[in-house]
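In case you want the letters, here they are:
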Amino acid sequence: MPPQLKDALTTARKAEDALSSAHKELSEETVEGRSEDNKVKVTLDGSFSLVKVRITPGALTPEKIDKLEESVSEALDAALARTRILVARRLGETLRELA
């Protein structure tokens, strides 16, 4: 095998191992997002999987269902945004280590 190809394969294996490790670490981290009124809290893991939804008791009345739906959406959007930042930061660190 030519040395350049061997070096390229070694680099590719290191990258694959580093990214796999980063993915595992991310799946173990959690990120929270809250609605603007703080009545709903959503927790995601670093793989964007839903871990938990917390709703304050006062938000569970039939008259407030529209507001509750809006709050859940806000909290989920906030958690997704924070998770994207976490993933980008972690993958950036991993790629810098490989360089």
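In what follows, the accompanying structure is described.

About the thresholds
- Residues numbered from 1 in each chain as written.
- Predicted model: local features only at pLDDT ≥ 70, side-chain atom pairs only at ≥ 80, totals over all residues.
- Heavy atoms only, no water.
- Salt bridge = Lys/Arg side-chain N within 4 Å of Asp/Glu carboxyl O.
- Buried < 20%, exposed > 50% of the residue type's maximum accessible area, 1.4 Å probe, protein only.
- Helix = DSSP H or I, 4+ residues; strand = E, 2+ residues; numbered from the N terminus.
- Contact = heavy atoms within 4.5 Å.

### Points about the pattern of salt bridges
Tallied over the entire structure, the rule returns eight salt bridges. A salt bridge links E32 to R34, with the nearest nitrogen and oxygen atoms 3.8 Å apart. Residue class for E32 comes out partly exposed when judged on its relative accessible area of 32%. Of the residues examined, R34 reaches a relative accessible area of 43% and is grouped as partly exposed. Ionic pairing is found between E70 and K67, a salt bridge with its closest N-O pair at 3.6 Å. Of this pair, E70 and K67 both sit in helix α2 (residues 65–98), separated by three residues, roughly a single helical turn. Residues joined by salt bridges that share partners form a network here, namely E25, E29, R90 and E93.

### Focus on the side chain of T94
Turning to its location among the elements, T94 is positioned in helix α2. On the basis of relative accessibility, which here comes to 7%, the residue T94 falls in the buried class. Ignoring anything within four residues of it in the chain, the contact list for T94 reads A18, L19 and A22.

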